[in-house]
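Results of the structural survey
Single-letter residue listing:
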Amino acid sequence: MIEETRREQDAALGPALRDTGDPLADLTAAVELTLDGVLSPPIAALHRLTIAELPHHPELQRLWRDKTGKRERAAVIADYLRACDAKGLLRVPDPELATRQLTYLALAEGRVATLQGTEPLSKAERHRIAHEAADLIVRAHRP
């Protein structure tokens, strides 16, 4: 089940983040795709189940973290932020930290808005959450 979840999440973000030269648009698009994957019914259900079983099976959190491809997707965003820094579009001294801040902010709001993935998120609401999270990161790292 975890490998199937990883394949679904990988399909959501893909191997690379599109670079249009507009960090706000690019990060918004990446976060929207991430929200689509994480809040999809099977992935959200597996996440809820994993949390419910943590007291009895703490290894589930390590499996979730290590086997779902989360690190690979974070690396794609961090590499994008690093490239924005190199081009002078943004000043990002710690791309991994900025990536965590971006994704945690958007995913936490998305999960709350969907009651942990039990209710659908409209396209407009998904875009709003993604745009606001991306905008915060872009403004925080503006040169």
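Residues numbered from 1 in each chain as written. Predicted model: local features only at pLDDT ≥ 70, side-chain atom pairs only at ≥ 80, totals over all residues. Heavy atoms only, no water.

So, the nonpolar core
What counts here: Buried Ala, Val, Leu, Ile, Met, Phe, Trp, Tyr and Cys residues that are joined via side-chain atoms within 4.5 Å together make up what is termed a nonpolar core. Each residue gets one of three labels from its accessible area relative to the maximum for its type: buried under 20%, exposed over 50%, partly exposed in between, using a 1.4 Å probe on protein chains only. Helix numbering and strand numbering both begin at the N terminus, where a helix is a DSSP run of H or I of at least 4 residues and a strand a DSSP run of E of at least 2. Residues are treated as being in contact if the distance between any of their heavy atoms lies within 4.5 Å.
Counting residues in each nonpolar core, the largest one holds 24 residues, and the members touching the most others are L17, L27, L35, L81 and L102. Those elements giving two or more residues to this core turn out to be α2 (23–38), α5 (70–87), α6 (95–113) and α7 (123–140). Residue contributions to this core peak at six residues, all from α7. Residues within four places of L102 in sequence aside, it is in contact with L27, V31, I77, A133, A134 and I137.

Notes on the environment of L105
Secondary-structure assignment places L105 in helix α6. Overall, the relative accessible area of 36% leaves L105 in the partly exposed class. Once the C-alpha coordinates of L105 and I129 are considered, the two residues, 24 residues apart in sequence, prove to be 8.8 Å apart. With near-sequence residues (within four places) excluded, L105 lies in contact with A133 and L136.

Structural notes on the confidence of the model for the protein
Rules: Per residue, pLDDT measures the predictor's confidence, with a range of 0 to 100.
Averaged over all residues, the pLDDT of the protein equals 87, while 84% of them reach at least 70. Element-level pLDDT for the protein is lowest in helix α1 (residues 2–13), with a mean of 51, against a maximum mean of 98 in α7.

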